[in-house]
Amino acid sequence: MCAARRPIVDAIFKHNVLLGQVTCSSASRRLRYLNTSSSHDTGAAVTSRHALIKSIPGGRKTVSDFQELYEATKKKFQSKKLPVDVHPDAVFACNELDLSEVQVYGFDYDYTLACYKPILEDLLYNLAREMLVKRFRYPEDILDLEYEPNFAVRGLHYDVEKGLLVKLDSFLQLQLGSVYRGRTKVGADEVLKLYHNRLLPIAYVEGPNNSYRHNTNSKMVQLADLFSVPEMCLLCNVIEYFERNRIDYHPEIVFHDTRTAMGSCHPIMHATVMKDTEKYIKRNSRLAQYLQKLQQAGKNLFLVTNSPFSFVNCGMSYLVGANWRDFFDVVIVQARKPKFFTDESRPIRLYDEKTSSHLWDRVFKLEKGKIYYEGSVRQLQELKGWRGHSVLYFGDHPYSDLADVTLKHSWRTGAIISELAHEIKTLNRVDFKMSANWLQMLTQLIEDTQDEESEAAQVCLRDWMDERDQLRNATKNVFNEQFGSVFRTYHNPTYFSRRLFRFADIYTSDITNLLKFSAAHTFYPRRGVMPHEYASHFI
């Protein structure tokens, strides 16, 4: 940091004597006050130092004046208590939700009722990698490219035009330092040269209709579910291979081939998981208790999933027991969400378990114990009378699971975000809390000092900005070295967070975290501090 120091009060005292503005006794009182500030009034001491420095003419301010201010801020930081830990099983409210108003509980299956072990990502990656080589005739050397589970995080965007994997915040700003071509980080200068701006136009990200769903005319595709994490790694590994071997490629073609390969291997993945369920699905002994609790409270339950019946039946039998269907009033498989929530004319069909096919009979009512196929939410609502805020639906995907039901049908929604477990564990680390606290206070110091024009101020500001950059990277990398937190860029919420908070009334890491709450519990959102309320009586 800044070099040699002398007490700031010495400089202030000499300056005031020269100007004849204060007497020796008043300067002495200031000296005693600033040098004897205790931990409980360090904030007042820092404020006083700010005021006294500003009273010195610009040419008389020295590096040590600002160093004293830095040290006072540091002392204030050290006197602050660290935040309490976040409970790892907590349920977080984005919008007030009164469970006493909810009569119907709906669930997705994958990553909502059934959560998978990390080895499933390896399986998907390996199957898709093999399909790229055998079906799409990609170079056989790609079979040697191994899966790196800690490379990507959910919620990133892939630029199909430029072939870059990027992280955006809620304002559509690129997070510099988290832009990758293949597995290689792209420097800030090149990123700004490619995009001409750090802030991207909304039409570039979301298409001309500014839809939350991917538009074929947009340049960006968001990878928003957990199945997309191995897809992102495979995509970047393939691009890295092409780049290093100087093989010409089209970024959009590579993306669509990778996505097609990943989607096409799901039936193989289903069969593999069914053969060894315990290897791939996390055992959750509390799931049956939660479903039973809802049933005993007189609630109606339904399941709507894109997965096939055989796969769901195998997993639910493992998790809940062979009689798992007794908990649900309606079970709909291969629903083809999000079309299930948007299409009007897709009839619900009865599924024949004996022939593993759907029947052509018209469905006039939805009966407990039977399995249904495809259909639409309009028919579900008409046949069961389940509408509006009396329905609470849980899923893991902010768009295909939650967006339409809340925007178009006024259902209440809950998001199951399994990454929260890792995020909360990281937030609770003492070193992270200290770095985050000091980052906030150092940023405030920079903001308060930045308009000082003296050379001494500018020297210290450069040092402080360097330290701030190091802190920003440290608090990012502790979550994921390449892309940081799923929920934050350096300081803003991510694009993923923005959509999650809009489409989900509540969110948590596991569906059974709700087991400890009564059926009449109300979730209240925390009162957020708006920028104009900062440091006000609202805090």
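Given the structure is predicted, the values throughout are model-derived calculations rather than measurements.

How each quantity is defined
- Residues numbered from 1 in each chain as written.
- Predicted model: local features only at pLDDT ≥ 70, side-chain atom pairs only at ≥ 80, totals over all residues.
- Heavy atoms only, no water.
- Pairing = 2+ DSSP bridges.
- Helix = DSSP H or I, 4+ residues; strand = E, 2+ residues; numbered from the N terminus.
- Contact = heavy atoms within 4.5 Å.
- Axes fitted to C-alpha atoms, helices over the stretch in contact; angles between N-to-C directions.
- Core = buried A, V, L, I, M, F, W, Y, C linked by side-chain atoms within 4.5 Å.
- Buried < 20%, exposed > 50% of the residue type's maximum accessible area, 1.4 Å probe, protein only.
- 1 Å grid on protein atoms, 1.4 Å probe; cavity = no way out; pocket = protein on both sides within 12 Å on 5 of 7 lines; lining within 4 Å.
- Points joined across faces, edges and corners; volume = space filled by probe spheres on them.
- Nonpolar A, V, L, I, M, F, W, Y, C, P; charged D, E, K, R; others polar.
- Phe/Tyr/Trp six-rings, centres within 6.5 Å; stacked < 30°, edge-to-face > 60°.
- Lys NZ or Arg CZ within 6 Å of the ring centre and 35° of its normal.

## Focus: the sheet that holds strand 8 (residues 220-223)
Backbone-to-backbone hydrogen bonds join strands into a sheet, with any given pair of strands oriented parallel or antiparallel.
Okay, so step 1: Reading across the sheet, the five strands line up as 7-6-5-4-8 and stay open at both edges, with antiparallel pairing between neighbours. Edge positions in the open sheet fall to strand 7 (184-185) and strand 8, since each of these has one partner strand only.
Okay, so step 2: Lying over the sheet, helix 9 (residues 251-264) contacts strand 4 (156-159) and strand 8, oriented at roughly 30° with respect to strand 8.

## A closer look at the nonpolar core
Okay, so step 1: With 138 residues, the main nonpolar core has Tyr105, Phe107, Tyr109, Leu120, Phe302, Phe328 and Phe394 as its most contacted residues.
Okay, so step 2: When residues in this core are grouped by element, the largest group, ten residues, is from helix 8 (residues 228-244).
Okay, so step 3: Among all residues touching Leu120, those that are not within four sequence positions of it are Tyr111, Phe227, Met269, Val273 and Tyr280.
Okay, so step 4: Membership of the second largest hydrophobic core comes to 16 residues, among which are Phe66, Phe77, Ile446 and Ala456.

## What to know about empty space enclosed by the protein
Okay, so step 1: All told, the structure shown has four cavities of 30 Å³ or more when counted by the stated rule.
Okay, so step 2: Every residue lining the largest cavity is listed: Leu99, Tyr105, Tyr290, Lys293, Leu294, Leu514, Phe517, Ser518 and Ala519.
Okay, so step 3: Grouping the constituent residues of the lining of the largest cavity by class yields seven nonpolar, one polar and one charged.

## Some thoughts on the packing of aromatic side chains
Okay, so step 1: Using the criterion set out here, one finds 35 aromatic pairs in the structure.
Okay, so step 2: Ring centres of Tyr195 and Tyr204 lie 6.1 Å apart, and the angle between their planes is 85°; on these two criteria the pair is classed as edge-to-face.
Okay, so step 3: Given the relative accessible area of 9%, Tyr195 is considered buried.
Okay, so step 4: Given a relative accessible area of 15%, Tyr204 falls into the buried group.
Okay, so step 5: Note on Phe341 and Trp411: the rings are 6.3 Å apart at their centroids and 80° apart in plane angle, and the pair reads as edge-to-face. Of this pair, Phe341 sits in helix 14 (residues 339-342) while Trp411 sits in the loop between helix 16 (398-407) and strand 15 (412-416), and the two are 70 residues apart along the sequence. Comparing Phe341 with Trp411, the two get one shared label, buried.
Okay, so step 6: Of the aromatic side chains, those joined through ring pairs into one cluster are Phe302, Phe340, Phe341, Trp386, Tyr393 and Trp411.
Okay, so step 7: Over the face of the ring belonging to Tyr318 we find Arg283, whose NZ or CZ atom lies 3.9 Å from the ring centre.

Everything listed here is a matter of coordinates, which is why it stays silent on function.
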